[in-house]
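# Chain and residue survey
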Amino acid sequence: MAAELHVELVAADRQVWSGEATLVVARTTSGDIGVMPGHQPLLGVLESGPVTIRTSDGGTVVAAVHGGFISFADNKLSLLAETAELSDEIDVQREQRELERAKAEGDATAERRADVRLRAATAR
Amino acid sequence: MGAQLRVYKRRIRSVTATKKITKAMEMIAASRVVKAQRKVRASAPYATELTRAVTAVGTGSNTKHPLTTEAQTPTRSAVLLLTSDRGLAGAFNSNAIKSAEQLTARLEAEGKEVDTYIVGRRGLAHYNFRERKVVESWSGFTDEPSYADAKKVAAPLIEAIETETADGGVDELHIVYTEFVSMMTQTALDARLLPLRLEEVAEEKPQGEILPLYDFEPSAEDVLDALLPRYVESRIYNALLQSAASKHAATRRAMKSATDNAGELINTLSRLANAARQAEITQEISEIVGGASALADATAGSDR
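Okay, so let's go over this structure.

Rules used in this analysis
- Residues numbered from 1 in each chain as written.
- Chains lettered and ligands numbered in written order.
- Predicted model: local features only at pLDDT ≥ 70, side-chain atom pairs only at ≥ 80, totals over all residues.
- Pairing = 2+ DSSP bridges.
- Helix = DSSP H or I, 4+ residues; strand = E, 2+ residues; numbered from the N terminus.
- Axes fitted to C-alpha atoms, helices over the stretch in contact; angles between N-to-C directions.
- Contact = placed C-beta atoms within 7 Å.
- Core = buried A, V, L, I, M, F, W, Y, C linked by C-beta atoms within 7 Å.
- Buried ≥ 20, exposed ≤ 12 C-beta atoms within 10 Å, placed from the backbone.
- Domains from an automatic or database assignment.
- Nonpolar A, V, L, I, M, F, W, Y, C, P; charged D, E, K, R; others polar.

### Notes on the sheet that holds strand β5 (residues 186-194) of chain B
Residue and element names in this part refer to chain B. Read across the open sheet, the five strands follow the order β3-β2-β1-β4-β5; overall the sheet is mixed. Each edge of the open sheet is held by one strand with a lone partner, namely β3 (136-138) and β5. The average angle at which neighbouring strand axes cross in this sheet is 20°, direction not considered. The sheet contact formed by strand β2 (residues 113-119) and β3 spans three bridges and is parallel. Looking at β3, one finds that tyrosine 117 is bridged to glutamate 136. Sheet contacts for helix α3 (residues 92-109): β1 (76-82), β2, β4 (172-180) and β5; angle to β4, the most-contacted strand, approximately 155°. Across the sheet, helix α4 (residues 121-129) lies against β1, β2 and β3, angled at about 135° from β2, the strand it touches most.

Here it is in C-alpha coordinates:
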(Lines give C-alpha, C1' and ligand atoms only; values in the text may rest on other atoms or scores of the structure.)
Protein backbone atom coordinates (compact mmCIF):
# COMPACT_ATOMS: atom_id res chain seq x y z
CA MET A 1 0.00 0.00 0.00
CA ALA A 2 1.33 3.35 -0.96
CA ALA A 3 1.83 5.89 1.77
CA GLU A 4 -1.22 8.02 2.27
CA LEU A 5 -2.37 10.95 4.29
CA HIS A 6 -5.71 11.71 5.80
CA VAL A 7 -7.46 14.76 4.41
CA GLU A 8 -10.27 16.74 5.98
CA LEU A 9 -11.74 19.50 3.86
CA VAL A 10 -14.03 21.55 6.07
CA ALA A 11 -16.01 24.68 5.37
CA ALA A 12 -17.29 26.94 8.14
CA ASP A 13 -20.69 25.31 8.21
CA ARG A 14 -20.08 21.75 7.08
CA GLN A 15 -17.57 19.05 6.32
CA VAL A 16 -17.03 19.01 2.58
CA TRP A 17 -14.83 16.00 2.03
CA SER A 18 -12.73 13.65 4.04
CA GLY A 19 -10.70 10.62 3.12
CA GLU A 20 -7.28 9.22 2.27
CA ALA A 21 -5.09 10.78 -0.37
CA THR A 22 -1.61 10.47 -1.81
CA LEU A 23 -1.16 14.06 -2.93
CA VAL A 24 -2.84 17.36 -2.24
CA VAL A 25 -2.12 20.48 -4.23
CA ALA A 26 -3.36 23.81 -2.90
CA ARG A 27 -2.61 27.45 -3.57
CA THR A 28 -1.12 29.42 -0.71
CA THR A 29 -0.37 33.13 -0.72
CA SER A 30 3.20 32.38 -1.79
CA GLY A 31 2.35 29.94 -4.54
CA ASP A 32 1.08 26.44 -5.18
CA ILE A 33 2.13 23.84 -2.68
CA GLY A 34 1.96 20.09 -2.98
CA VAL A 35 1.73 17.95 0.13
CA MET A 36 2.58 14.28 0.09
CA PRO A 37 2.64 11.85 2.99
CA GLY A 38 5.49 12.56 5.37
CA HIS A 39 5.69 16.26 4.58
CA GLN A 40 6.98 18.36 7.44
CA PRO A 41 4.38 20.07 9.66
CA LEU A 42 2.97 23.00 7.77
CA LEU A 43 0.57 25.80 8.42
CA GLY A 44 -0.23 28.13 5.56
CA VAL A 45 -2.72 30.71 4.38
CA LEU A 46 -4.72 29.67 1.34
CA GLU A 47 -5.58 31.84 -1.59
CA SER A 48 -8.88 31.54 -3.35
CA GLY A 49 -8.23 28.77 -5.82
CA PRO A 50 -8.83 25.18 -6.81
CA VAL A 51 -7.53 22.43 -4.54
CA THR A 52 -6.67 19.11 -6.12
CA ILE A 53 -6.73 15.98 -4.04
CA ARG A 54 -5.41 12.75 -5.54
CA THR A 55 -7.17 10.04 -3.61
CA SER A 56 -5.49 6.77 -2.72
CA ASP A 57 -7.76 4.80 -5.06
CA GLY A 58 -6.46 6.77 -8.01
CA GLY A 59 -9.31 9.24 -8.36
CA THR A 60 -9.10 13.00 -8.27
CA VAL A 61 -11.19 15.34 -6.22
CA VAL A 62 -11.19 19.01 -7.14
CA ALA A 63 -12.70 21.64 -4.91
CA ALA A 64 -13.03 25.39 -5.19
CA VAL A 65 -11.82 26.93 -1.95
CA HIS A 66 -12.23 30.57 -1.00
CA GLY A 67 -9.93 31.83 1.71
CA GLY A 68 -8.76 29.63 4.50
CA PHE A 69 -5.85 27.60 5.77
CA ILE A 70 -3.93 24.47 5.15
CA SER A 71 -2.45 22.66 8.08
CA PHE A 72 -0.52 19.44 8.01
CA ALA A 73 0.85 17.39 10.90
CA ASP A 74 1.12 13.69 11.75
CA ASN A 75 0.04 12.73 8.25
CA LYS A 76 -3.24 14.54 8.80
CA LEU A 77 -4.04 17.39 6.48
CA SER A 78 -6.79 19.88 7.26
CA LEU A 79 -8.04 22.32 4.72
CA LEU A 80 -10.11 24.99 6.40
CA ALA A 81 -12.14 27.23 4.19
CA GLU A 82 -14.82 29.79 4.75
CA THR A 83 -16.61 28.41 1.75
CA ALA A 84 -15.67 25.40 -0.29
CA GLU A 85 -17.46 23.33 -2.86
CA LEU A 86 -16.55 20.19 -4.72
CA SER A 87 -16.29 20.44 -8.49
CA ASP A 88 -19.39 18.31 -9.05
CA GLU A 89 -21.42 20.58 -6.82
CA ILE A 90 -20.71 23.54 -9.05
CA ASP A 91 -23.29 24.65 -11.56
CA VAL A 92 -21.16 25.68 -14.55
CA GLN A 93 -23.84 27.64 -16.37
CA ARG A 94 -24.76 29.58 -13.27
CA GLU A 95 -21.13 30.43 -12.57
CA GLN A 96 -20.61 31.56 -16.16
CA ARG A 97 -23.52 33.94 -15.80
CA GLU A 98 -22.14 35.01 -12.43
CA LEU A 99 -18.72 35.66 -13.98
CA GLU A 100 -20.20 37.83 -16.72
CA ARG A 101 -22.28 39.75 -14.23
CA ALA A 102 -19.27 40.30 -11.96
CA LYS A 103 -17.18 41.47 -14.90
CA ALA A 104 -19.87 43.89 -16.00
CA GLU A 105 -20.23 45.30 -12.51
CA GLY A 106 -16.50 45.36 -11.87
CA ASP A 107 -16.89 43.27 -8.71
CA ALA A 108 -13.39 41.83 -8.39
CA THR A 109 -14.15 39.47 -5.48
CA ALA A 110 -17.21 37.96 -7.14
CA GLU A 111 -15.32 37.65 -10.41
CA ARG A 112 -12.48 35.79 -8.74
CA ARG A 113 -14.91 33.56 -6.90
CA ALA A 114 -16.76 32.59 -10.06
CA ASP A 115 -13.50 32.16 -11.94
CA VAL A 116 -12.11 29.78 -9.33
CA ARG A 117 -15.32 27.76 -9.31
CA LEU A 118 -15.28 27.50 -13.09
CA ARG A 119 -11.68 26.38 -13.16
CA ALA A 120 -12.36 23.79 -10.49
CA ALA A 121 -15.38 22.54 -12.40
CA THR A 122 -13.50 22.18 -15.68
CA ALA A 123 -10.45 20.56 -14.08
CA ARG A 124 -12.31 17.47 -12.98
CA MET B 1 -79.34 29.77 26.76
CA GLY B 2 -78.54 31.77 29.82
CA ALA B 3 -76.19 34.72 29.73
CA GLN B 4 -73.72 33.03 32.07
CA LEU B 5 -73.52 29.90 29.95
CA ARG B 6 -73.05 31.95 26.79
CA VAL B 7 -70.07 33.76 28.32
CA TYR B 8 -68.42 30.46 29.29
CA LYS B 9 -69.01 28.96 25.85
CA ARG B 10 -67.42 31.99 24.24
CA ARG B 11 -64.36 31.84 26.47
CA ILE B 12 -63.91 28.11 25.82
CA ARG B 13 -63.99 28.77 22.08
CA SER B 14 -61.36 31.48 22.30
CA VAL B 15 -59.07 29.46 24.57
CA THR B 16 -59.36 26.47 22.22
CA ALA B 17 -58.26 28.65 19.32
CA THR B 18 -55.30 29.93 21.34
CA LYS B 19 -54.37 26.39 22.29
CA LYS B 20 -54.29 25.35 18.65
CA ILE B 21 -51.94 28.22 17.85
CA THR B 22 -49.55 27.57 20.73
CA LYS B 23 -49.51 23.87 19.93
CA ALA B 24 -48.53 24.65 16.34
CA MET B 25 -45.83 27.03 17.52
CA GLU B 26 -44.50 24.41 19.89
CA MET B 27 -44.21 21.89 17.09
CA ILE B 28 -42.51 24.38 14.76
CA ALA B 29 -40.03 25.34 17.48
CA ALA B 30 -39.30 21.67 18.22
CA SER B 31 -38.38 20.99 14.60
CA ARG B 32 -36.27 24.14 14.48
CA VAL B 33 -34.30 23.15 17.57
CA VAL B 34 -33.29 19.93 15.86
CA LYS B 35 -32.24 21.83 12.77
CA ALA B 36 -30.29 24.38 14.79
CA GLN B 37 -28.57 21.65 16.78
CA ARG B 38 -27.56 19.99 13.55
CA LYS B 39 -26.02 23.27 12.41
CA VAL B 40 -24.11 23.59 15.68
CA ARG B 41 -22.72 20.11 15.13
CA ALA B 42 -21.90 20.78 11.48
CA SER B 43 -19.81 23.80 12.45
CA ALA B 44 -17.82 21.83 15.01
CA PRO B 45 -15.11 20.33 12.72
CA TYR B 46 -14.15 23.78 11.43
CA ALA B 47 -14.01 25.21 14.95
CA THR B 48 -11.84 22.39 16.31
CA GLU B 49 -9.43 22.52 13.39
CA LEU B 50 -9.19 26.27 13.71
CA THR B 51 -8.56 26.08 17.45
CA ARG B 52 -5.78 23.60 16.79
CA ALA B 53 -4.21 25.88 14.25
CA VAL B 54 -4.45 28.95 16.48
CA THR B 55 -2.89 27.07 19.37
CA ALA B 56 -0.14 25.85 17.09
CA VAL B 57 0.81 29.34 15.95
CA GLY B 58 0.28 30.88 19.36
CA THR B 59 2.45 28.42 21.20
CA GLY B 60 4.84 27.58 18.41
CA SER B 61 6.03 31.11 17.79
CA ASN B 62 6.68 34.25 19.79
CA THR B 63 4.61 36.38 17.51
CA LYS B 64 2.97 39.44 19.02
CA HIS B 65 -0.36 40.37 17.61
CA PRO B 66 -2.89 43.07 18.59
CA LEU B 67 -5.52 40.39 19.00
CA THR B 68 -3.48 38.49 21.57
CA THR B 69 -1.67 41.22 23.48
CA GLU B 70 -3.31 42.46 26.64
CA ALA B 71 -3.42 46.22 27.13
CA GLN B 72 -1.54 47.41 30.21
CA THR B 73 -4.53 49.27 31.56
CA PRO B 74 -7.65 48.36 29.63
CA THR B 75 -9.93 51.39 29.51
CA ARG B 76 -12.55 50.49 26.93
CA SER B 77 -14.44 47.28 26.39
CA ALA B 78 -16.87 46.14 23.78
CA VAL B 79 -19.77 43.91 24.76
CA LEU B 80 -21.57 41.92 22.10
CA LEU B 81 -25.02 40.82 23.21
CA LEU B 82 -26.85 38.10 21.32
CA THR B 83 -30.63 38.16 21.60
CA SER B 84 -33.40 37.08 19.27
CA ASP B 85 -35.58 39.02 16.87
CA ARG B 86 -38.82 37.66 18.18
CA GLY B 87 -40.18 37.07 21.63
CA LEU B 88 -42.51 34.33 22.87
CA ALA B 89 -39.50 32.53 24.27
CA GLY B 90 -40.04 32.78 27.99
CA ALA B 91 -37.14 34.35 29.83
CA PHE B 92 -34.67 33.75 27.01
CA ASN B 93 -34.06 37.37 26.05
CA SER B 94 -34.41 38.86 29.50
CA ASN B 95 -31.83 36.41 30.86
CA ALA B 96 -29.33 37.34 28.16
CA ILE B 97 -29.99 41.05 28.70
CA LYS B 98 -29.68 40.69 32.47
CA SER B 99 -26.40 38.88 32.05
CA ALA B 100 -25.13 41.63 29.73
CA GLU B 101 -26.13 44.29 32.24
CA GLN B 102 -24.33 42.53 35.06
CA LEU B 103 -21.24 42.29 32.90
CA THR B 104 -21.48 45.96 31.94
CA ALA B 105 -21.82 46.95 35.59
CA ARG B 106 -18.81 44.83 36.50
CA LEU B 107 -16.67 46.33 33.74
CA GLU B 108 -17.73 49.83 34.68
CA ALA B 109 -16.84 49.14 38.30
CA GLU B 110 -13.36 48.23 37.03
CA GLY B 111 -13.20 51.67 35.48
CA LYS B 112 -13.75 50.67 31.86
CA GLU B 113 -15.94 52.36 29.34
CA VAL B 114 -18.34 49.96 27.69
CA ASP B 115 -19.39 49.98 24.03
CA THR B 116 -22.44 47.86 23.39
CA TYR B 117 -23.05 45.90 20.19
CA ILE B 118 -26.32 44.05 19.83
CA VAL B 119 -27.66 41.24 17.68
CA GLY B 120 -31.44 40.81 17.61
CA ARG B 121 -34.34 43.22 17.73
CA ARG B 122 -35.35 42.30 21.28
CA GLY B 123 -32.09 43.42 22.84
CA LEU B 124 -32.01 46.53 20.70
CA ALA B 125 -35.55 47.47 21.73
CA HIS B 126 -34.60 47.03 25.38
CA TYR B 127 -31.61 49.35 25.04
CA ASN B 128 -33.41 51.89 22.87
CA PHE B 129 -36.31 52.12 25.27
CA ARG B 130 -33.91 53.00 28.07
CA GLU B 131 -32.11 55.39 25.72
CA ARG B 132 -28.77 53.69 26.15
CA LYS B 133 -26.14 54.02 23.50
CA VAL B 134 -25.66 51.13 21.13
CA VAL B 135 -22.67 51.33 18.82
CA GLU B 136 -23.96 48.93 16.22
CA SER B 137 -26.74 46.42 15.91
CA TRP B 138 -27.79 43.67 13.55
CA SER B 139 -31.04 41.82 13.13
CA GLY B 140 -32.97 39.62 10.74
CA PHE B 141 -30.91 36.44 10.90
CA THR B 142 -31.14 35.29 14.51
CA ASP B 143 -33.38 32.32 13.73
CA GLU B 144 -31.01 30.83 11.21
CA PRO B 145 -27.63 32.53 11.25
CA SER B 146 -25.23 31.82 8.40
CA TYR B 147 -21.47 32.15 8.40
CA ALA B 148 -21.77 35.31 6.32
CA ASP B 149 -23.85 36.85 9.14
CA ALA B 150 -21.14 36.00 11.66
CA LYS B 151 -18.59 37.65 9.38
CA LYS B 152 -20.75 40.75 9.17
CA VAL B 153 -20.98 40.95 12.96
CA ALA B 154 -17.31 40.21 13.52
CA ALA B 155 -15.92 42.77 11.04
CA PRO B 156 -16.55 46.00 13.02
CA LEU B 157 -15.56 44.29 16.26
CA ILE B 158 -12.21 43.17 14.91
CA GLU B 159 -11.71 46.61 13.46
CA ALA B 160 -12.51 48.21 16.83
CA ILE B 161 -10.02 46.03 18.64
CA GLU B 162 -7.32 46.70 16.07
CA THR B 163 -7.66 50.49 16.42
CA GLU B 164 -5.79 52.25 19.19
CA THR B 165 -7.91 52.93 22.25
CA ALA B 166 -7.18 56.63 21.98
CA ASP B 167 -8.68 56.66 18.46
CA GLY B 168 -11.94 55.11 19.59
CA GLY B 169 -10.88 51.50 19.59
CA VAL B 170 -11.43 48.99 22.36
CA ASP B 171 -9.08 46.88 24.47
CA GLU B 172 -11.32 43.96 25.16
CA LEU B 173 -14.21 42.16 23.56
CA HIS B 174 -16.79 40.30 25.60
CA ILE B 175 -19.63 38.27 24.24
CA VAL B 176 -22.90 37.48 26.00
CA TYR B 177 -24.90 34.61 24.57
CA THR B 178 -27.13 31.75 25.62
CA GLU B 179 -25.39 28.43 25.73
CA PHE B 180 -27.39 25.45 24.57
CA VAL B 181 -26.77 22.84 27.26
CA SER B 182 -29.70 20.57 26.56
CA MET B 183 -33.29 20.70 25.41
CA MET B 184 -34.32 21.74 28.93
CA THR B 185 -31.36 23.85 30.02
CA GLN B 186 -29.98 26.94 28.36
CA THR B 187 -27.80 29.32 30.30
CA ALA B 188 -26.94 32.89 29.50
CA LEU B 189 -23.22 33.40 29.95
CA ASP B 190 -20.53 35.91 29.17
CA ALA B 191 -17.07 35.15 27.88
CA ARG B 192 -14.08 37.25 27.01
CA LEU B 193 -13.31 36.71 23.37
CA LEU B 194 -10.42 39.12 22.95
CA PRO B 195 -7.62 39.55 23.67
CA LEU B 196 -7.22 35.87 23.25
CA ARG B 197 -5.72 33.92 26.12
CA LEU B 198 -3.75 31.31 24.25
CA GLU B 199 -3.38 29.21 27.39
CA GLU B 200 -7.17 28.93 27.57
CA VAL B 201 -7.43 28.01 23.94
CA ALA B 202 -4.78 25.38 24.52
CA GLU B 203 -6.76 23.91 27.40
CA GLU B 204 -9.72 23.22 25.17
CA LYS B 205 -7.89 20.52 23.29
CA PRO B 206 -7.08 17.08 24.60
CA GLN B 207 -4.19 16.91 27.05
CA GLY B 208 -0.94 15.20 26.33
CA GLU B 209 -0.91 16.04 22.66
CA ILE B 210 2.41 17.54 21.68
CA LEU B 211 2.14 20.10 18.95
CA PRO B 212 4.59 19.68 16.13
CA LEU B 213 6.95 22.40 15.06
CA TYR B 214 5.14 23.94 12.14
CA ASP B 215 6.60 25.38 9.03
CA PHE B 216 4.70 28.61 8.43
CA GLU B 217 3.72 29.66 4.97
CA PRO B 218 4.39 32.55 4.22
CA SER B 219 5.39 33.53 7.80
CA ALA B 220 4.15 33.12 11.36
CA GLU B 221 2.97 36.75 11.50
CA ASP B 222 1.00 36.47 8.29
CA VAL B 223 -0.57 33.21 9.34
CA LEU B 224 -1.59 34.69 12.69
CA ASP B 225 -2.87 37.80 10.94
CA ALA B 226 -5.16 35.66 8.83
CA LEU B 227 -6.04 33.08 11.48
CA LEU B 228 -7.18 35.22 14.38
CA PRO B 229 -9.99 37.11 12.65
CA ARG B 230 -11.24 33.75 11.32
CA TYR B 231 -11.07 32.36 14.84
CA VAL B 232 -13.13 35.25 16.19
CA GLU B 233 -15.63 34.82 13.36
CA SER B 234 -15.94 31.15 14.05
CA ARG B 235 -16.48 31.78 17.77
CA ILE B 236 -19.16 34.37 17.01
CA TYR B 237 -20.72 31.99 14.50
CA ASN B 238 -20.81 29.27 17.12
CA ALA B 239 -22.34 31.66 19.67
CA LEU B 240 -24.98 32.73 17.13
CA LEU B 241 -25.87 29.12 16.39
CA GLN B 242 -26.08 28.18 20.06
CA SER B 243 -28.15 31.25 20.74
CA ALA B 244 -30.53 30.31 17.92
CA ALA B 245 -30.85 26.74 19.19
CA SER B 246 -31.47 28.01 22.73
CA LYS B 247 -34.08 30.45 21.50
CA HIS B 248 -36.00 27.70 19.73
CA ALA B 249 -35.75 25.44 22.76
CA ALA B 250 -37.01 28.26 25.00
CA THR B 251 -39.88 28.95 22.58
CA ARG B 252 -40.78 25.30 22.52
CA ARG B 253 -40.89 25.18 26.31
CA ALA B 254 -42.85 28.41 26.63
CA MET B 255 -45.35 27.24 24.04
CA LYS B 256 -45.66 23.84 25.68
CA SER B 257 -46.58 25.37 29.02
CA ALA B 258 -48.96 27.76 27.24
CA THR B 259 -50.64 24.76 25.58
CA ASP B 260 -50.84 22.93 28.91
CA ASN B 261 -52.29 25.99 30.59
CA ALA B 262 -54.85 26.41 27.85
CA GLY B 263 -55.87 22.77 28.28
CA GLU B 264 -56.33 23.26 32.01
CA LEU B 265 -58.27 26.45 31.45
CA ILE B 266 -60.57 24.67 29.01
CA ASN B 267 -61.22 21.97 31.62
CA THR B 268 -62.05 24.47 34.34
CA LEU B 269 -64.24 26.48 32.01
CA SER B 270 -66.15 23.42 30.79
CA ARG B 271 -66.83 22.41 34.41
CA LEU B 272 -68.09 25.90 35.15
CA ALA B 273 -70.18 25.86 31.98
CA ASN B 274 -71.65 22.46 32.95
CA ALA B 275 -72.48 23.75 36.41
CA ALA B 276 -74.09 26.84 34.88
CA ARG B 277 -76.12 24.73 32.49
CA GLN B 278 -77.22 22.44 35.32
CA ALA B 279 -78.14 25.42 37.48
CA GLU B 280 -80.18 26.78 34.61
CA ILE B 281 -82.04 23.49 34.18
CA THR B 282 -82.66 23.24 37.93
CA GLN B 283 -84.00 26.75 37.95
CA GLU B 284 -86.27 26.10 34.99
CA ILE B 285 -87.65 22.95 36.63
CA SER B 286 -88.29 24.69 39.91
CA GLU B 287 -89.99 27.51 37.99
CA ILE B 288 -92.23 25.06 36.18
CA VAL B 289 -93.00 23.11 39.34
CA GLY B 290 -93.61 26.30 41.25
CA GLY B 291 -95.83 27.65 38.45
CA ALA B 292 -97.79 24.40 38.21
CA SER B 293 -98.40 24.13 41.92
CA ALA B 294 -99.44 27.80 42.05
CA LEU B 295 -101.88 27.10 39.21
CA ALA B 296 -103.16 23.98 40.94
CA ASP B 297 -103.62 25.94 44.16
CA ALA B 298 -105.53 28.66 42.30
CA THR B 299 -107.90 26.26 40.48
CA ALA B 300 -108.45 24.26 43.65
CA GLY B 301 -109.53 27.49 45.37
CA SER B 302 -111.99 28.56 42.64
CA ASP B 303 -113.60 25.12 42.49
CA ARG B 304 -114.60 25.25 46.12
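### Notes on the nonpolar core
One broad trend across soluble globular proteins is that nonpolar side chains are buried collectively. Membership of the largest hydrophobic core comes to 95 residues, with the highest contact counts inside it found for Leu80, Leu81 and Val176 of chain B. Looking at which element gives the most residues to this core, the answer is helix α7 (residues 220-303) of chain B, with 17 residues. Looking at this core, you find at least three residues from each of domain 1 (5-87) and domain 2 (90-122) of chain A.

### Side note on unusual backbone geometry
For aspartate 74 of chain A, which is not glycine, the phi dihedral falls at a positive 50°. By the element assignment, aspartate 74 of chain A lies in the loop between β6 (60-73) and β7 (76-86). In this structure aspartate 74 of chain A comes out as exposed when scored by C-beta crowding, with 10 C-beta atoms within 10 Å. Backbone geometry at glutamate 131 of chain B places phi at a positive 55°, although glycine is not the residue there.

### Here's the deal with the interface of chain A and chain B
The interface is formed by 24 residues belonging to chain A together with 24 residues belonging to chain B. Put simply, the parts of the chain that give the side of chain A that touches chain B at least two residues each are β1 (5-11), β2 (14-28), β4 (42-46), β6 and β7 of chain A. Looking at the side of chain A that touches chain B element by element, the count peaks at four residues for β4 of chain A. Its residues assigned to classes, the side of chain A that touches chain B shows 11 nonpolar, eight polar and five charged. Summarising the sheet, β4 of chain A and strand β6 (residues 215-217) of chain B pair through three bridges and their orientation is parallel. Within the sheet, the bridge partner assigned to leucine 42 of chain A lies in β6 of chain B and is aspartate 215 of chain B.

Remember, this is a structural readout, not a statement about activity or role.
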